[in-house]
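Coordinates in review
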Amino acid sequence: MTKAKFITFEGADGTGKSTQINLLGKYLESKGIQFVITREPGGTEIGEIIRNWVLYGEHDQLKPQTETLMMMAARAFHVENLIRPALDENIWVIADRYTDATTVYQGYAKGMSIETIHLLNTIATEDLEPDMTFLLDASSKLGKGRIGSRQLDYFEKQSDSFYDQIRRGYVEVASNSPERIKLIKADQSIEAVFAEISSHLSPWV
């Protein structure tokens with residue numbers, strides 16, 4: 001039996017992460033593979049409380065440092081109580097965002113030191129890295145168009161220039177970790193995007 005894998009999805013809002021995560025879940029289920037789907041911030045009761053505060057609370061009170069540390073607290077609890085236990089039970093973990101998101105959102109877009117974020121990520125995860133990360137890349141026009149009229153969180157309300165900073169940050173992060181991060185153009189059809197994802201995972205399933 002193949003050892004359980006830790007798979008993460010990254011990308012700005014509206015790039016189709018949720019759709020592809022659901023498709024991957026159905027794909028793994030068809031192969032008889034046990035898995036759990038989770039998200040960051042979130043995934044645990046404490047993580048969801050932090051998520052709700054950061055995304056929908058009085059966000060203007062938070063400095064980037066405070067925001068980053070809240071994300072790290074949620075992540076440390078998430079890794080300790082959900083991600084590692086699942087992997088230890090040979091259950092795949094599929095996560096909507098992980099450490100790369102903090103590097104991009106709080107680092108590239110909001111000015112926190114990238115080196116500090118890397119150090120904090122190492123502490124919070126105890127060096128647990130994904131086996132593979134899928135970065136879904138799309139323009140701000142496409143991404144915001146897909147978000148539509150749903151209730152927007154703090155980050156989704158930001159300007160096109162903020163979205164573009166996020167996109168550039170993700171592309172740079174991907175260029176620094178080409179073996180782990182697979183950049184996929186999200187302006188393709190849903191089927192075409194998933195075909196790329198499944199092709200990368202085929203050696204493991």
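Look above for the structure.
What you see is a predicted model; the values in this text were computed from it and never measured. (Residues numbered from 1 in each chain as written. Predicted model: local features only at pLDDT ≥ 70, side-chain atom pairs only at ≥ 80, totals over all residues. Heavy atoms only, no water.)

So, the pattern of salt bridges
In the structure shown here, the tally under the stated rule is eight salt bridges. The salt bridge involving Arg 75 is made with Glu 40; its shortest N-O contact spans 2.6 Å. Here Arg 75, found in helix α3 (residues 64-88), pairs with Glu 40, found in the loop between β2 (35-39) and α2 (45-56); they are 35 residues apart in sequence, far enough to count as distant. No difference in accessibility class separates Arg 75 from Glu 40, as the two residues are buried. Residues Asp 137 and Lys 185 are paired through a salt bridge, measuring 2.9 Å at the closest nitrogen-oxygen approach. With Asp 137 in strand β4 (residues 132-137) and Lys 185 in strand β5 (residues 181-185), this residue pair connects regions lying 48 residues apart in the sequence. Taking the relative accessible area as the measure of exposure, Asp 137 reaches 6% and is therefore buried. Through salt bridges with shared partners, one network takes in Asp 137, Arg 167 and Lys 185. (Salt bridge = Lys/Arg side-chain N within 4 Å of Asp/Glu carboxyl O. Helix = DSSP H or I, 4+ residues; strand = E, 2+ residues; numbered from the N terminus. Buried < 20%, exposed > 50% of the residue type's maximum accessible area, 1.4 Å probe, protein only.)

Considering the pairing of strand β3 (residues 92-96)
Judged by how many residues are buried, β3 sits mostly within the fold: five of five residues are covered. On β3, burial covers both faces: Trp 92, Ile 94 and Asp 96 on one face and Val 93 and Ala 95 on the other are all buried. Both strand β1 (residues 6-10) and β3 contribute to a ladder of four bridges, which runs parallel. In the strand pairing of β3, Phe 9 is matched with Asp 96. Where β2 and β3 come together, five bridges link them in parallel fashion. In the strand pairing of β3, Ile 37 is matched with Ile 94. (Pairing = 2+ DSSP bridges.)

A look at the environment of Ser 113
With respect to the helices and strands, the residue Ser 113 is situated in the loop between α4 (99-108) and α5 (114-125). Taking relative accessible area as the criterion, Ser 113 reaches 30% and is therefore assigned partly exposed. Distance in space between the C-alpha atoms of Ser 113 and Thr 103 is 8.8 Å, their sequence separation being ten residues. In this structure the side chain of Ser 113 is engaged in a polar contact, spanning 3.1 Å, whose partner is the backbone nitrogen of Thr 116. (Polar contact = N/O pair within 3.5 Å; in protein donor to acceptor, adjacent residues only side chain to side chain.)

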